[in-house]
Amino acid sequence: MFLRTSSRRRAAASVAAACALAVTLAGCGGTTKKDSSDNGGDVKATDAKANPDAPLKKGLKLAFLPKQINNPYEKIVDDAGIEAAGEFGGKGKEVGPSDASASSQVSYINTLIQQRQDAILIAANDPNAVCGPLKQAMKKDIKVVAYDSDTAKECRQLFINQASSEEIGRSQVQHIAEQLDYKGEIAILSATQNATNQNTWIEFMKDELKKPKYKNMKLVKTAYGDDDDQKSFQETQGLLKAYPNLKGIISPTTVGIAAAARYISASSYKGKVVINGLGTPNQMRKYVKDGTVEQFSLWDPKKLGYLGSYAAAALASGQITGAEGEKFKAGKLGEYTIGKDGEVILGPPTVFNKDNIDDFDF
């Protein structure tokens, strides 16, 4: 809202009244991004109106904030999103911490607010630790889009989910159960203890394991490699030593599954312990071909970044507000519909194995 006439006072009163009723997805913190008010609380407005016919604005500035800057999977996502921004005349960049601790992203959000980015796209290390500064961003009319790993719902307008969280979690158990003939001890090698996406998937894994057909399977431990290659490698070693009867490891993180496969490929456990989870073809190709890993899953991270970029642009251009049922076009990916709680789902994951892995390059 930019008011420049003598009627500013009357319009401001109307805006204030609207913001008092606010509970939806558009920020009502002030008239421009320079407004420095900091009142906390919900910054979404129910009466925000979308204009689906509005053109995408030129010159939009989008900032991608991954869990950690050196995560190879998120580098693929962010590079694709930055490239997509160029398609609609925007400019993207990637910034972020070198570690995946809960609060490591906060200072970067504050800097991006000062830089007056049009949108911040974040893969949250912790759903709540980033909320304060993200709410301030929305108050300054900076759009917030979570991707890969969600924030608390009130701290962003959209969440670009790579696939249904339930589908991801349950399928991880289903795949490894088939490989183990539905019996044996298994463990989970996750990322950080606070990672929203990991914890959501793990809850669905645990729920899936309660079904009668898994009565002869037992989850013995969930370990955390913090999306760090060396720590994930060491956690794999620790699991195998602590649980000599372990038959399988699910690692729903690209860093973890690659580290676990590397350890097992050079050990006496090769061919005896099943590794499954989420990985990229380029990371996992050699482990599939040498027989360490039979299969794993993932969506196309390039498409995830591409979709995130167009979603952020649609928000910043006023085509959508983040309300359920709104639609927007994501370039070559086509039209998407916003679901409950601002969730947009990219699509189902792909299962990779020796028969199809060479068909993919990412």
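Small disclaimer: the values here were computed from a predicted structure and weren't measured.

Undergrad: An account of the overall build of the protein chain is requested, with residue identities and associated values reported.
TA: Counting its regular elements, the protein chain contains 10 helices and 14 strands. The 362 residues of the protein chain split such that 52% are buried. Contacts in the protein chain between residues far apart in sequence, at least 24 positions, make up 70% of those at least 6 positions apart. With an accessible surface of roughly 15,600 Å², the protein chain has 48% of that area assigned to carbon and sulfur atoms.

Undergrad: Can you break down the side chain of Glu326 residue by residue, with the values?
TA: The topology assignment puts Glu326 in the loop between helix H10 (301-316) and strand S11 (327-329). Buried charge Glu326 goes without a salt bridge, the closest partner of opposite sign being Lys49 at 9.2 Å. Discounting residues that sit within four places of it in the chain, Glu326 has contacts with Ala50, Ile320, Thr321, Tyr336, Thr337 and Ile338.

Undergrad: Please provide a residue-by-residue account of the sheet that holds strand S7 (residues 217-224), values included.
TA: On the basis of which strands lie adjacent, the open sheet formed by four strands has the order S7-S6-S8-S9 and parallel pairing. Every other strand in the sheet has two partners, leaving S7 and strand S9 (274-277) as the edge strands with one partner each. Averaged over all pairs of adjacent strands, the angle between their axes in this sheet comes to 25 degrees, without regard to strand direction. One ladder, built from four bridges, connects strand S6 (residues 184-190) with strand S8 (residues 246-251); its direction is parallel. Bridged to Glu185 within S8 is Leu246. In the packing of helix H7 (residues 229-242) onto the sheet, contacts are made with S6, S7 and S8, and the angle to S7 comes to roughly 145 degrees.

Undergrad: How would you summarise the nonpolar core if you had to cite specific residues and measurements?
TA: Grouped together as the largest cluster of nonpolar side chains are 75 residues, with contacts concentrated most on Trp299 and Phe328. Ranked by residues supplied to this core, first place goes to H10 with 10 residues. Setting aside anything within four residues of it in sequence, one finds Phe328 in contact with Leu307, Tyr310, Ala311, Ala314, Gln319, Ile320, Gly334, Glu335, Tyr336, Ile338 and Val344. Residues Ala63, Cys131, Leu134 and Ala137 belong to the second largest nonpolar core, which totals 17 residues.

Undergrad: Requested: an account of the environment of Thr350, with residues and values cited.
TA: Tracing the backbone shows Thr350 in strand S14 (residues 350-353). With relative accessibility at 30%, the residue Thr350 sits in the partly exposed group. Once the C-alpha coordinates of Thr350 and Leu278 are considered, the two residues, 72 residues apart in sequence, prove to be 9.8 Å apart. In this structure Thr350 touches Phe296, Ser297, Leu298, Trp299, Asn356 and Phe360, once residues within four positions along its chain are discounted.

Undergrad: Outline the side chain of Ser232, supporting the account with residue identities and numerical values.
TA: By the secondary structure assignment, Ser232 is in helix H7. For Ser232, the side chain forms a polar contact with the main-chain oxygen of Asp228, separated by 2.9 Å. Not counting residues up to four positions away in its chain, the partners in contact with Ser232 are Leu189, Gly225, Val255, Gly256 and Ala259.

Undergrad: Lay out the pattern of salt bridges in plain terms, naming residues and giving numbers.
TA: Applying the stated criterion across every chain, the model contains 14 salt bridges. Of the charged contacts in the structure, one is a salt bridge between Glu208 and Arg170, with a shortest N-O distance of 3.0 Å. Separated by 38 residues along the polypeptide, Glu208 in helix H6 (residues 196-209) and Arg170 in helix H5 (residues 165-179) bring together distant segments of the chain. Under the relative-accessibility criterion, Glu208 is labelled buried at 0%. On the basis of relative accessible area, Arg170 is assigned to the buried category, the value being 14%. Here the salt bridges do not stand alone but share partners, grouping Glu166, Arg170, Asp207, Glu208 and Lys211 into one network.

Undergrad: Would you mind going over the state of the cysteines in detail, with residue names and values included?
TA: In total, this model carries one disulfide according to the counting rule given. Covalent S-S linkage joins Cys131 and Cys155, the inter-sulfur distance amounting to 1.9 Å. Here Cys131 and Cys155 share a disulfide; its torsion about the S-S bond, 100 degrees, makes the bridge right-handed. Of the two residues, Cys131 sits in helix H4 (residues 131-139) while Cys155 sits in the loop between strand S4 (143-147) and strand S5 (158-161), which places them 24 residues apart along the sequence. The burial state of Cys131 is the same as that of Cys155; both residues are buried.

Definitions and limits used
- The written sequence of each chain sets the order in which its residues are numbered from 1.
- Local features in this predicted model are restricted to residues of pLDDT 70 or higher, and side-chain atom pairs are both shown and tallied only at a pLDDT of 80 or more, whereas totals for entire chains, interfaces and linings draw on every residue.
- Computation of side-chain values covers all heavy atoms of the structure but excludes hydrogens and water.
- The helix and strand labels rest on DSSP assignments: H or I over at least four residues marks a helix, E over at least two residues marks a strand, and numbering proceeds from the N terminus.
- Three exposure classes are used, based on accessible area relative to the maximum for each residue type with a 1.4 Å probe and protein chains only: buried under 20%, partly exposed in between, and exposed over 50%.
- In this analysis, two residues are considered to be in contact whenever any of their non-hydrogen atoms come within 4.5 Å of each other.
- Areas reported here follow the Shrake-Rupley algorithm with a probe of radius 1.4 Å; residue values treat only the protein chains shown as occluding.
- The convention is simple: Lys and Arg are positive, Asp and Glu are negative, and His and the chain ends are not counted.
- Throughout this description, the term salt bridge denotes a Lys or Arg side-chain nitrogen within 4 Å of a carboxyl oxygen of Asp or Glu.
- If DSSP finds at least two bridges between two strands, the strands pair.
- For helices, the fitted axis covers only the stretch in contact; all axes are lines through C-alpha atoms, and the angles between them, taken along N-to-C directions, range from 0 to 180 degrees.
- Nonpolar cores were defined as sets of buried Ala, Val, Leu, Ile, Met, Phe, Trp, Tyr and Cys residues, with membership established by side-chain atoms within 4.5 Å.
- Think of a polar contact as two N or O atoms within 3.5 Å of one another; within protein, one of them needs to be a possible hydrogen donor and the other a possible acceptor, and neighboring residues in sequence only count if both atoms come from side chains.
- Here, a disulfide means two cysteine sulfur atoms that sit within 2.5 Å of each other.

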